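# Geometric and topological summary
Read off the chains here:
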Amino acid sequence: MAELLKGKPVADAIVDALKNDTTVLESKDIKPCLALVRVGEKSDDVAYERAIVKRCDAVGITTTKVELPEEITQEDFLTQLGKVNEDQLIHGILIFRPLPKQLDEKVIETNIAPEKDVDCLHPENTAKLLTGDESGFVPCTPMAVMEILKHYQIPLEGKNAVVLGRSMVVGKPAALLLLQENATVTVAHSRTRDLEKITSGADVLVAAIGRSEFVREAHIKEGAVVADVGINVDENGNMTGDVHQEEAKRKAGSFTPVPGGVGSVTTAVLAKQVIKACKMQTKE
Ligand code: NAP
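Only a predicted model underlies this, so the values are computations on that prediction, with no experimental measurement involved. (Residues numbered from 1 in each chain as written. Predicted model: local features only at pLDDT ≥ 70, side-chain atom pairs only at ≥ 80, totals over all residues. Heavy atoms only, no water.)

## What to know about the sheet that holds strand β11 (residues 254–255)
As summarised here, the arrangement of the 6 strands in space is β1-β11-β8-β7-β5-β6, forming an open sheet in which the pairing is parallel. Each edge of the open sheet is held by one strand with a lone partner, namely β1 (3–4) and β6 (184–188). Bridge count between strand β5 (residues 160–164) and strand β7 (residues 204–207): 4 bridges; the pairing is parallel. Counted as the bridge partner of A161 is V204 from β7. (Pairing = 2+ DSSP bridges. Helix = DSSP H or I, 4+ residues; strand = E, 2+ residues; numbered from the N terminus.)

## Some details on the packing of helix α6 (residues 140–151) against helix α10 (residues 263–282)
Between two packed helices, both the angle of their axes relative to each other and the distance between the axes serve to describe the pair. For the pair α6 and α10, interaxial distance at closest approach is 8 Å and the crossing angle is 105°. As the angle between them shows, α6 and α10 are arranged roughly perpendicular. Across the interface between the two elements, C140, T141, M143, A144, E147, I148 and K150 of α6 pack against V265, T266, V269, L270, K272 and Q273 of α10. The residue makeup of the contact of α6 with α10, split by class, is 7 nonpolar, 3 polar and 3 charged. (Axes fitted to C-alpha atoms, helices over the stretch in contact; angles between N-to-C directions. Parallel < 35°, antiparallel > 145°, perpendicular 65-115°, else oblique. Contact = heavy atoms within 4.5 Å. Nonpolar A, V, L, I, M, F, W, Y, C, P; charged D, E, K, R; others polar.)

## Focus: the sheet that holds strand β4 (residues 92–95)
The strand order across the open sheet formed by 3 strands is β3-β2-β4, and the pairing between neighbours is parallel. Two strands bound the open sheet, and with one partner strand each, they are β3 (62–68) and β4. The mean angle between the axes of side-by-side strands here comes to 20°, regardless of whether they run parallel or antiparallel. With 4 bridges connecting them, strand β2 (residues 33–39) and β4 associate as parallel partners. Bridge pairing in β4 places L34 opposite G92. Of the strands in this sheet, β2, β3 and β4 are in contact with helix α3 (residues 74–86), which crosses β4 at around 155°.

## Comments concerning the packing of helix α1 (residues 8–27) against helix α2 (residues 43–59)
Between α1 and α2, the least distance of the axes is 8 Å, while the angle of their chain directions is 50°. One element, α1, and the other, α2, form an angle in the oblique class. Across the interface between the two elements, A11, V15, L18, K19 and T22 of α1 pack against R55, A58 and V59 of α2. Among the residues forming the contact of α1 with α2, the class breakdown is 5 nonpolar, 1 polar and 2 charged.

## Observations regarding the environment of C120
Its place among the elements puts C120 in the loop between α4 (105–111) and α5 (123–131). For C120, a relative accessible area of 9% corresponds to the buried category. Apart from the residues lying within four places of it in its own chain, the contact partners of C120 are N125, T126, F137, V138 and P139. (Buried < 20%, exposed > 50% of the residue type's maximum accessible area, 1.4 Å probe, protein only.)

## Considerations on the pattern of salt bridges
Enumeration over the complete set of coordinates arrives at 17 salt bridges. Between E26 and K31 there is a salt bridge whose closest N-O contact spans 3.5 Å. Among the ionic pairs, E109 bridges to K106, the shortest N-O distance being 3.3 Å. On the criterion of helical spacing, the pair formed by E109 and K106 is a turn pair, its members being 3 residues apart in helix α4. Taking relative accessible area as the criterion, K106 reaches 58% and is therefore assigned exposed. One network of salt bridges, with partners in common, ties together R38, E41, E49, K65 and E67. (Salt bridge = Lys/Arg side-chain N within 4 Å of Asp/Glu carboxyl O.)

## Side note on a negative patch on the surface
A cluster of acidic residues, D133, E134, E157 and E181, forms a negative patch on the protein surface. Here E181 shows up in the loop between α7 (171–180) and β6. (Patch = residues over 30% accessible without salt bridge, like charges linked within 9 Å, V, L, I, M, F, W, Y side chains within 5 Å. Areas by Shrake-Rupley, 256 points an atom, 1.4 Å probe, with all protein chains shown as cover. Lys, Arg positive; Asp, Glu negative; His and termini not counted. Charge placed at Lys NZ, Arg CZ, Asp CG, Glu CD.)

## So, the domain arrangement of the protein chain
Looking at the protein chain, the domain boundaries give domain 1 (28–114) and domain 2 (140–263). Distance between the C-alpha centres of domain 1 and domain 2: 29 Å. (Domains from an automatic or database assignment.)

## A few points about the site of the ligand
Around the ligand, the surrounding shell holds 18 residues, and the nearest of these are T141, R166, S167, S190 and I231. In the environment of the ligand, an oxygen atom lies 2.7 Å from a nitrogen or oxygen atom belonging to the side chain of R166. Measuring from an oxygen atom of the ligand, one finds a side-chain N or O atom of N232 at 3.4 Å. For the ligand, the protein covers 71% of the area, taking 920 Å² as the surface of the free molecule. Here the shell around the ligand is built from residues that sort into 6 nonpolar, 10 polar and 2 charged. (Near = heavy atom within 4 Å. Polar contact = N/O pair within 3.5 Å; in protein donor to acceptor, adjacent residues only side chain to side chain.)

Take a look at the structure:
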């Protein structure tokens, strides 16, 4: 039976460490603050926002909600973003995405202040991720995967890692982070041929494709470490990952559950990045 790599102990350890940071900052009258920029009332965004606020409260980070109407124009959005960028009391900014169609995400990405860009939208932070410059920010979800692997002391150096999915939010940054840890990385996607052959050679398999229970026993190498990033809803309305849990249990050495795996670490990683932003901006 495979070991479960639960997210909660990882998130708890991150939060405990951050509480020390906020105590020190507070003693210097510095209160880390995250702005949550939400357009409209999408239930996924509202639920994620609630989870972020709860996590930030627990750490000692203030949150401020910037709630904008669904039909907001690009110009008005950029004006609001400009205000948040300039507010000295705000250290981090998270924009819920995807944004409505009238808003051009590419333009918005370049308008977020890079030093407050805690979820790595700005090209400057993407470039830092590419070059391994740790003064930048990394997207929270792939960072959560890395925190889990680190917490459970999964060796990565020289290992074959396969990342399934190549989005800018998860797949590509996950591949870069694994490469930084000296894994030998393959990125697979919807045009990849002989997918099973590739994934079944992976010592570490990261699944981030958004296809419910797509990864089956045949995709998994005996004893592999499997990180499941997927958040899907099956035909019965249940939350599922990209990995078939029962089959992973039989074949993998260890795997992250859904729910209770990668997703539960993401908000802790976000809080960590807010503290990092706050320390950099206040030179603490
Ligand atoms: P995305 O932008 O839709 O990208 C999906 C990627 O998977 C693409 O690169 C796509 O390939 C690839 N893909 C799709 N079907 C495939 C198939 N049958 N075989 C091989 N590759 C396939 O999704 P995303 O934003 O990266 O998110 C991925 C999953 O992670 C989703 O379930 C999402 O809900 C979840 N997620 C979770 C968290 C969390 O906190 N846990 C955060 C963000 C996202 P092409 O590039 O060739 O199209």
